[in-house]
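Chain by chain, the residues:
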Amino acid sequence: MEDVSSTQKKLSLNGHEIILVGTAHVSALSIEEVNTSIKQEKPDAVAIELDEKRLESMKDKDAWRKMDIVKVLRNKQGFLMLANIVLASYQKKMGQPAGVKPGDEMAAAINTCEELGIPQEMVDRPIAVTLRRAWAKNSLWGKCKLLAALLSSAFSKEEIAPEEVEKLKKESEMDSMMSELSSYLPKVKEVLIDERDRYLASHIWQCAQKYGENSRVLAVLGAGHLPGVVSYLEKLSSGQVDAGCSDINEVPQKSVGSKIASWIIPALIVALIVMGFVYGGVQAGRQMLGAWFIWNGVLAGIGAIIACANPLVVLVSVLGAPFTSLCPFIGIGIVSGILQALICKPKVQDMEKLSEDAASLKGFYKNRILRVLLVFVLTSVGSSIGTFVAGASFVATISTFFEKIIESVKAVF
């Protein structure tokens, strides 16, 4: 391997020459470096850290007009969309001081290739798969930390100077960031970095083989992926690993335990309320039933109020949460989010300013699409908290009943 510069690696593997150009996704210098490298190297093909869907969105400037927020919620993709918007907004904010938009260096690579007649290959994993895997592989605590990290980055007022962005391409800076991410969110680092290192390397290698013996391929990818991709390419060329990635190109299926749990929790809630009627009498049973409706409904309603939802949405959240919490197929967040979208229909300007508004708390309340997502998240969280609080109170109540029964039995004997 030859280190052309701190951001470029040149590898000769089994007769193939692979040039890796590491970029910062919001760097003006990266755009210039990508253009210059392609023109100087004139490779047989250029591999780009994009997937086909992101390429389509990049080329179709009016793609945002086709977004259907109701369909997103029905397909249970609310959290996925929120994460995507926040990440895009954060990258856009980073690039503003230098006048660079996220992905400009990838667009520059595509434009230069088209000018020179060089084939392009999209070698990244679909973003939807990556985000779903990051969410699915995290524990409940990990999910909370991930949401907190996303929201803190969205609302951060810190401005990053262009020279700070350039530092992100240096290995020492990148190592520090990866170490910090690994310790704070190890599963996220595994999915966003480690798995994609392997995916990118495998598809770059397949690209080199596709263009025949002695092919020359130039790959444009984030600087943070350089060490991992180099390592995987060397293993691929030596036959230590194969280029298959099917195991990391799909969302992990729910375990049998989690599927059972989605039914067991509602069943336990119903069983505890029935036990309240049986062992505590009608009055105690009614109290438990009332507590279930109050905790679930009120907390979901509070979530809707915090999100400044339409009054009808608040009412539906209060009345619907106790029932949807007992149904594994649909949550109150989906119901309330869809209703909010239908009552306060998003406008064209909401779609146009999506990433811009996502950079501030005020923007979340002003933008109708973001407001829908806010309603979805906060009512979901409120109802979930209500379920655990009410469930815990039921267990305590039933325990008290059994203690009284045991004391009565002891008194008799």
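Before reading further, recall that the structure is shown in the block above.
A. Inspection of helix 13 (residues 311-324) at higher detail. Compared with the 20 Å implied by 1.5 Å per residue over 14 residues, the 19 Å span of helix 13 between its first and last C-alpha is a close match. Of all the bends in helix 13, the largest measures some 30 degrees and sits at V318, one to four residues before the proline P322. Restricting attention to buried positions, one finds in helix 13 the residues V313, V314, S317, G320, A321, P322 and T324. A distance of 2.9 Å separates the backbone nitrogen of L312 from a side-chain oxygen at the start of helix 13, and that oxygen is part of N310.

B. Fine view of the nonpolar core. By size, the foremost hydrophobic cluster in this structure holds 29 residues, and its most contacted members are I69, M81, I85, F364, L370 and L373. Those elements that place two or more of their residues in this core are helix 3 (69-74), helix 4 (78-95), helix 13, helix 14 (332-343) and helix 18 (368-412). Among the elements that line this core, the one with the most residues is helix 18, at eight residues.

C. Molecular detail of the pattern of salt bridges. As enumerated under the stated definition, the model contains 14 salt bridges in all. Residue E121 pairs with K210 through a salt bridge whose shortest N-O separation is 2.8 Å. One end of the pair, E121, is in strand 5 (residues 120-122); the other, K210, is in helix 10 (residues 186-210), and 89 residues separate them in sequence. Taking relative accessible area as the criterion, K210 reaches 57% and is therefore assigned exposed. With a closest N to O distance of 3.8 Å, E190 and K187 form a salt bridge. Residue E190 and its partner K187 are located together in helix 10, separated by three residues, close to a single helical turn. Exposure remark for E190: the relative accessible area of 26% places this residue in the partly exposed category. Residue K187 is classed as partly exposed on the basis of its relative accessible area of 36%. Through salt bridges with shared partners, a single network forms among E49, D51, R54, D124 and R196.

D. Structural context of helix 10. The first and last C-alpha atoms of helix 10 sit 34 Å apart over 25 residues, in line with the 36 Å expected at 1.5 Å per residue. In helix 10, a bend of some 35 degrees at R196 exceeds every other bend along the element. Directly beyond the C-terminal end of helix 10, a positive phi value near 85 degrees is found at G212.

E. Structural context of a nonpolar patch on the surface. A cluster of nonpolar side chains, namely V270, V274, F277, V278, Y279, V282, L289, F293, F323 and L326, defines an oily patch on the protein surface of about 870 Å² accessible area. Tallying contributions element by element places helix 12 (residues 256-306) first for the nonpolar patch, with eight residues. Within the secondary structure, Y279 is located in helix 12.

Thresholds, definitions, all that
Each chain has its residues counted from 1, following the order in which its sequence is written. Only residues with pLDDT of at least 70 get local features here, since the model is predicted, and only at 80 or more are side-chain atom pairs given and counted; chain-wide, interface and lining totals rely on the full set of residues. Only heavy atoms go into the side-chain values, all of them from the structure, while hydrogens and water stay out. Secondary structure counts use DSSP, requiring at least four H or I residues in a row for a helix and at least two E residues in a row for a strand, with both numbered from the N terminus. For a helix, the expected span equals 1.5 Å multiplied by the number of residues minus one. What we call the bend at a residue is the angle made by axes fitted to the seven residues finishing there and the seven residues starting there. Note on exposure labels: buried denotes an accessible area under 20% of the residue type's maximum, exposed denotes more than 50%, and partly exposed covers the range between, all computed with a 1.4 Å probe on protein chains only. Any pair of N or O atoms that falls within 3.5 Å is considered a polar contact. Within protein, one atom must be able to donate a hydrogen and the other to accept it, and sequence-neighbouring residues count only if both atoms are side-chain atoms. To qualify as a nonpolar core, a set must consist of buried Ala, Val, Leu, Ile, Met, Phe, Trp, Tyr and Cys residues joined through side-chain atoms within 4.5 Å. By definition, a salt bridge exists where a carboxyl oxygen of Asp or Glu is found within 4 Å of a side-chain nitrogen of Lys or Arg. Exposure above 30% relative accessible area and no salt bridge define the residues that can form patches, which grow by joining like charges within 9 Å and nonpolar side chains of Val, Leu, Ile, Met, Phe, Trp and Tyr within 5 Å. Areas reported here follow the Shrake-Rupley algorithm with a probe of radius 1.4 Å; residue values treat only the protein chains shown as occluding.

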